[in-house]
Amino acid sequence: MVEERTGYPDGKERYCRRLGHPVPFRYCRLTADGTPCSSIRECWVGDPELRELAAELAESLPGNSAPPKSVQLYELIRRAREARSGTAE
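Asks: Where do I start with the pairing of strand 1 (residues 13-16) in this structure?
Replies: Two faces, one strand: in a regular strand the side chains alternate between the faces of the sheet. Taken together, the four bridges between strand 1 and strand 2 (residues 21-24) define a ladder with antiparallel strand orientation. Residue C16 lies in a different strand from strand 2, and its bridge partner there is H21. In textbook terms, the turn of a hairpin is the stretch between consecutive antiparallel strands, and for strand 1 and strand 2 this stretch comprises four residues, one of which, G20, has a positive phi near 85 degrees.

Asks: Quick question: what am I supposed to make of the packing of aromatic side chains here?
Replies: Aromatic rings considered in pairs are described by the distance between their centres and by the relative angle of their planes. All chains considered together, the criterion is met by one aromatic pair. Where F25 meets W44, the ring centres are 5.1 Å apart and the plane angle is 90 degrees; that geometry is what we call edge-to-face. Of the two residues, F25 is situated in helix 1 (residues 25-29) and W44 in helix 2 (residues 40-44); the sequence distance between them amounts to 19 residues. We note that F25, like W44, is buried.

Asks: Just to check I follow, could you spell out the pattern of salt bridges for this structure?
Replies: Two side chains carrying opposite charge are able to pair once their charged atoms lie near each other. Following the criterion strictly, the structure yields six salt bridges and no others. Here D47 ties to K12 by a salt bridge, and the two come within 2.8 Å at their closest N and O atoms. In this pair, D47 sits in the loop between helix 2 and helix 3 (51-59) while K12 sits in the segment before strand 1, placing the two residues 35 residues apart along the sequence. Judged by relative accessible area, D47 falls into the buried class, the value being 7%. With a shortest N-O distance of 2.6 Å, R78 and E75 are connected by a salt bridge. A residue pair is termed a helical-turn pair when its members lie 3 or 4 positions apart in one helix, as R78 and E75 do in helix 4 (residues 69-85) at three residues. Judged on exposure class, the residue R78 and its partner E75 are both buried. Members of the salt-bridge network, linked through shared partners, are R51, E75, R78 and E82.

Asks: Sorry, what's going on with the environment of E49 here?
Replies: By the secondary structure assignment, E49 is in the loop between helix 2 and helix 3. Linking E49 and P9, residues 40 residues apart in sequence, is a C-alpha distance of 9.1 Å. Leaving out residues up to four positions away in the same chain, E49 has contacts with P9 and K12. Side chain to side chain, E49 and K12 meet in a polar contact 2.9 Å long.

Asks: Please explain the side chain of R51 as it appears in this structure.
Replies: Tracing the sequence through the fold places R51 in helix 3. Here V45 takes part through its backbone oxygen, which lies 2.9 Å from a polar atom of the side chain of R51. Not counting residues up to four positions away in its chain, the partners in contact with R51 are W44, V45, Y74, E75 and R78.

The rules we used
Residues numbered from 1 in each chain as written. Predicted model: local features only at pLDDT ≥ 70, side-chain atom pairs only at ≥ 80, totals over all residues. Heavy atoms only, no water. Pairing = 2+ DSSP bridges. Helix = DSSP H or I, 4+ residues; strand = E, 2+ residues; numbered from the N terminus. Phe/Tyr/Trp six-rings, centres within 6.5 Å; stacked < 30°, edge-to-face > 60°. Buried < 20%, exposed > 50% of the residue type's maximum accessible area, 1.4 Å probe, protein only. Salt bridge = Lys/Arg side-chain N within 4 Å of Asp/Glu carboxyl O. Contact = heavy atoms within 4.5 Å. Polar contact = N/O pair within 3.5 Å; in protein donor to acceptor, adjacent residues only side chain to side chain.

Such coordinate-based values are descriptive only and should not be taken to indicate function.
What follows is the structure, given as structure tokens:
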């Protein structure tokens, strides 16, 4: 379900390790203080549709620099698989 007003797929759900239950993307994108959740990049890295959007939102967080090691590792594996299959960007 895509929220027409924002264009974000806010209805898409993912399990939240912090809360212990599924939450919609909107919850991760816009927390109570008006900023994205600090874990948004790690939680949505496995979703091809939202990976880049989550990374962009994470970059807007204050004091955020390099992606966590888990995200870097995921990207390296993805690129290696694409190169092996001949679909590299």
